[in-house]
Amino acid sequence: MNGLPDSLRGAIDLHVPCAPDVVPRRFDAIDVARAAAAAGMSAVVLTSHATPTMATAMLAAKVTPEVAVHGALVLNDCSGGFHPAAVEAALALGARAIWMPT
């Protein structure tokens, strides 16, 4: 299947950094979702050092409904740091992972 290994079929990647980010990234959320769908993966969780990824995950999921695309929050200072309100907001917006600061 498109040169991708069958071993990815049904896989879930729990930590996929994507653009936009403070670190240059090769792929944005839609690129990641399309690649995951092409590989037959069942889900990905998007991450960013600088911003919560729930909104970009929601948009990418609309483009690729065959793969579940989820967002996350990294507790870096620019995203609210160790702040309970930031975590509560992220979870209310559908975050599937809360990561310690990088």
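To start, this report covers the structure provided alongside it.

About the cut-offs
- Residues numbered from 1 in each chain as written.
- Predicted model: local features only at pLDDT ≥ 70, side-chain atom pairs only at ≥ 80, totals over all residues.
- Heavy atoms only, no water.
- Helix = DSSP H or I, 4+ residues; strand = E, 2+ residues; numbered from the N terminus.
- Rg over C-alpha atoms; globule rule 2.2 N^0.38 Å.
- Buried < 20%, exposed > 50% of the residue type's maximum accessible area, 1.4 Å probe, protein only.
- Contact = heavy atoms within 4.5 Å.
- Lys, Arg positive; Asp, Glu negative; His and termini not counted.
- Charge placed at Lys NZ, Arg CZ, Asp CG, Glu CD.
- Pairing = 2+ DSSP bridges.
- Right-handed = clockwise from strand over helix to strand, strands pointing away.
- Arc of directions from axis to C-beta.
- Axes fitted to C-alpha atoms, helices over the stretch in contact; angles between N-to-C directions.

**Quick word on the overall build of the protein**
- Counting its secondary structure elements, the protein contains three helices and five strands.
- Order of helices (α) and strands (β) in the protein, N terminus to C terminus: β-α-β-α-β-β-α-β.
- In summary, the protein has a C-alpha radius of gyration of 14 Å against a globular reference of 13 Å for 102 residues, a match within 12%.
- Based on the C-alpha atoms only, the size of the protein along its principal axes is roughly 45 × 25 × 20 Å.
- For the protein, with 102 residues in total, the buried portion stands at 37%.
- Contacts in the protein between residues far apart in sequence, at least 24 positions, make up 69% of those at least 6 positions apart.
- With 6 positive and 8 negative side-chain charges, the protein shows a spacing of 6 Å between the two charge centroids.

**Digging into the pairing of strand β2 (residues 43–47)**
- Burial analysis of β2 places five of its five residues in the buried class, which makes it a mostly covered element.
- Burial along β2 is two-sided: the residues Ala 43, Val 45 and Thr 47 and Val 44 and Leu 46 are all buried.
- Note that strand β1 (residues 12–17) and β2 share four bridges and pair parallel. Along β2, the bridge assignment pairs Asp 13 with Val 44.
- Running through helix α1 (residues 29–38), the crossover from β1 to the neighbouring parallel element β2 is right-handed.
- As judged from the three bridges shared by β2 and strand β3 (residues 68–70), these two strands associate in the parallel manner. Paired with Val 45 across the two strands is His 70, which belongs to β3.

**Observations concerning α1**
- Of the positions making up α1, those classed as buried are Ala 29, Val 32, Ala 33, Ala 36 and Ala 37. Viewed end-on, α1 has its buried residues packed into an arc of 130°, placing them on one side of the element.
- Taken together, the buried residues of α1 touch β1, β2, α2 (54–63) and β3.
- Just downstream of α1, Gly 40 is the residue with a positive phi angle, here 80°.

**Things to note about the sheet that holds β3**
- The strand order β1-β2-β3 describes an open sheet built from three strands, whose pairing is parallel. The sheet terminates laterally at β1 and β3, the two strands that pair on one side only. Across the sheet, the axes of successive neighbouring strands diverge by a mean angle of 20°, strand direction being ignored.
- Across the sheet, α1 touches β1, β2 and β3, and the angle it forms with β2 is around 160°.
- Packed onto the sheet, α2 meets β2 and β3 and runs at close to 165° relative to β3.

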